[in-house]
Amino acid sequence: MAPITATTGAPHTRIMGMGSYRPTRLVPNSEVVDAIASSDEWIQQRSGIKTRRWAGPEESVQMMSVEASRIAIERAGLEVGEIDCVLVATVSHLLQTPAVATAIAHELGTDGAAAFDISAACAGFCHGIAMASDMVRAGSARHVLVIGVERLTDILDLTDRGTAFIFADGAGAAVVGPSDTPGIGPVVWGSDGEQFDLIRQREDWRDVVGTETQPGSGVMPHLTMQGNPVFRWASFAMAKIGQQALDAAGVSLDELDVFVPHQANMRIIDAMARSMKLPASVRIARDVADQGNTSAASVPLALDRMMLEGEARSGDTALLIAFGAGLAYAAQVVTVP
């Protein structure tokens with residue numbers, strides 16, 4: 001049997017640069033309340049959301065991803081040709097195949113980078129960071145571009161009282177590369193498939209297009225969510241996952257500077273912070289109030305905003321945690337680039 005040569009990569013990894021793209025259209029609660037027989041007060045009490053960003057016709061998944069990625073690559077101090085792999089976390093690229101990552105890699109001008117999509121819903125970006133870090137350490141890539149992007153308004157039922165006011169659009173990107181010291185901690189991830197139906201695409205595609213014996217509805221599938229069970233699960237189960245990620249990285253609560261949870265709901269964010277007993281010194285991302293819930297894009301959008309506004313400084317220690325449909329989740333400690 002012939003010996004097989006194995007590859008080895010960098011001893012450690014870090015996030016080298018980040019970028020984001022927010023759609024230009026800002027949608028206040030007043031624009032969504034009538035269709036769901038609600039009020040601005042009810043929405044803010046339930047979610048903490050005051051406004052959200054919705055993409056216009058020209059702001060596609062690909063366009064938003066490319067814009068965020070160009071910023072991230074520039075901030076990382078790299079040329080596009082140095083990107084070896086493009087990972088795109090999304091559930092709102094509406095082609096079953098091919099992956100939108102391949103089109104993004106081409107538009108960016110990468111030199112034939114590997115490119116593929118991952119579907120882990122709101123947890124997708126944290127999954128991507130974990131995969132990218134492992135790739136760099138294993139030697140299958142040196143610089144990996146990780147994108148979290150959603151255009152959820154394409155699959156949003158504006159009359160659904162449980163989702164219409166929550167979801168939004170946008171893109172965030174990060175470049176993961178080699179480091180002399182650890183900049184990305186071990187991932188703690190998993191799933192709870194017993195609760196598969198709590199957040200899901202409401203209709204099967206066969207319901208839309210029909211079969212030989214049953215005509216289709218012709219109506220685009222939409223997101224649906226059972227809000228109360230999700231709130232209970234995320235608020236308390238995910239606090240334990242956050243603590244596990246801190247323990248895996250060898251970081252104590254007193255050493256934590258920044259907490260960037262998935263921007264699902266302000267009440268969930270506050271409940272997680274209480275459950276984890278975060279010190280008052282920890283700065284918490286609250287991007288959901290103005291951006292809405294952008295699923296896979298929410299963690300990079302929130303972290304990038306904190307960096308731009310000076311709430312997260314280079315070298316700070318940050319805990320990232322995301323959770324969503326599946327129910328899938330992932331968390332890791334990172335050093336802010």
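Rules and cut-offs
- Residues numbered from 1 in each chain as written.
- Predicted model: local features only at pLDDT ≥ 70, side-chain atom pairs only at ≥ 80, totals over all residues.
- Heavy atoms only, no water.
- Helix = DSSP H or I, 4+ residues; strand = E, 2+ residues; numbered from the N terminus.
- Buried < 20%, exposed > 50% of the residue type's maximum accessible area, 1.4 Å probe, protein only.
- Lys, Arg positive; Asp, Glu negative; His and termini not counted.
- Salt bridge = Lys/Arg side-chain N within 4 Å of Asp/Glu carboxyl O.
- Polar contact = N/O pair within 3.5 Å; in protein donor to acceptor, adjacent residues only side chain to side chain.
- UniProt positions renumbered as here; feature names shortened; annotations may be inferred.
- 1 Å grid on protein atoms, 1.4 Å probe; cavity = no way out; pocket = protein on both sides within 12 Å on 5 of 7 lines; lining within 4 Å.
- Phe/Tyr/Trp six-rings, centres within 6.5 Å; stacked < 30°, edge-to-face > 60°.
- Pairing = 2+ DSSP bridges.
- Right-handed = clockwise from strand over helix to strand, strands pointing away.
- Points joined across faces, edges and corners; volume = space filled by probe spheres on them.
- Nonpolar A, V, L, I, M, F, W, Y, C, P; charged D, E, K, R; others polar.
- Domains from an automatic or database assignment.

**Points about the side chain of Arg52**
Locating Arg52 in the fold gives a position in strand E3 (residues 51-54). Asp40 provides the closest opposite charge to the buried, unpaired Arg52, separated from it by 7.1 Å. One polar contact links the side chain of Arg52 to the main-chain carbonyl oxygen of Phe165, over a distance of 2.8 Å.

**Remarks on the UniProt feature "domain: Beta-ketoacyl-[acyl-carrier-protein] synthase III C-terminal" (unreviewed entry) in the protein chain**
Within the UniProt annotation, "domain: Beta-ketoacyl-[acyl-carrier-protein] synthase III C-terminal" (unreviewed entry) is assigned to residues 246-335. For residues 246-335, helix accounts for 33% and strand for 24%, while the C-alpha atoms at its two ends are 13 Å apart.

**Some points on the UniProt feature "active site" (unreviewed entry) in the protein chain**
Under the feature "active site" (unreviewed entry), the UniProt entry names Cys122, His262 and Asn293. The greatest C-alpha distance among the annotated residues, which extend across 172 residues, is 8.9 Å, indicating that they converge on a single site. Of the annotated residues named above, the ones that line the largest pocket are Cys122. Examined against the element boundaries, Cys122 turns out to sit in the loop between strand E5 (114-118) and helix H4 (124-138).

**Focus on the packing of aromatic side chains**
In total, this model carries three aromatic pairs according to the counting rule given. Aromatic side chains Trp42 and Phe165 sit 5.3 Å apart centroid to centroid with 75° between the ring planes, which places their arrangement in the edge-to-face category. Of this pair, Trp42 sits in helix H1 (residues 40-47) while Phe165 sits in the loop between strand E6 (144-151) and strand E7 (169-179), placing them 123 residues apart in sequence. On the basis of relative accessibility, which here comes to 23%, the residue Trp42 falls in the partly exposed class.

**Topic: unusual backbone geometry**
The step from Thr97 to Pro98 runs through a cis peptide bond, and the omega angle for that step is 5°. Residue position: Pro98 is located in the loop between strand E4 (85-89) and helix H3 (100-108). In this model, Gly326 is joined to Leu327 through a cis peptide bond whose omega is -15°. Topologically, Leu327 is positioned in the loop between strand E13 (317-324) and strand E14 (328-335).

**Some details on the pairing of E4**
The buried count for E4 comes to five of five residues, which makes it a mostly enclosed element. What you see with E4 is no split at all: Cys85, Leu87 and Ala89 on one side and Val86 and Val88 on the other are buried throughout. Pairing of E4 with E5, which is carried by five bridges, proceeds in the parallel orientation. Residue pairing across strands places Val88 opposite Asp117, the latter belonging to E5. Note that the unit made of E4, H3 and E5 has a crossover that is right-handed.

**Re the layout of surface pockets**
Considering only enclosed or pocket space, the largest pocket measures out at about 890 Å³ in volume. If you trace the largest pocket, you find 32 residues lining it, with Thr90, Val91, Ser92, Ser119 and Gln201 closest to the centre. At the level of elements, E5 and strand E9 (199-201) are the ones that each hand at least two residues to the lining of the largest pocket. Residue contributions to the lining of the largest pocket peak at three residues, all from E9. Split into classes, the residues belonging to the lining of the largest pocket amount to 19 nonpolar, nine polar and four charged. Among the domains, domain 1 (12-179) and domain 2 (188-336) are the pair contributing at least three residues each to the lining of the largest pocket. Taken as a whole, the second largest pocket encloses approximately 350 Å³ of empty space. For the second largest pocket, the lining is made up of 21 residues, of which Pro182, Ile184, Gly185, Pro186 and Val333 are closest to its centre. Counting contributing residues per domain, the lining of the second largest pocket is built from domain 1 (12-179) and domain 2 (188-336), each supplying no fewer than three.

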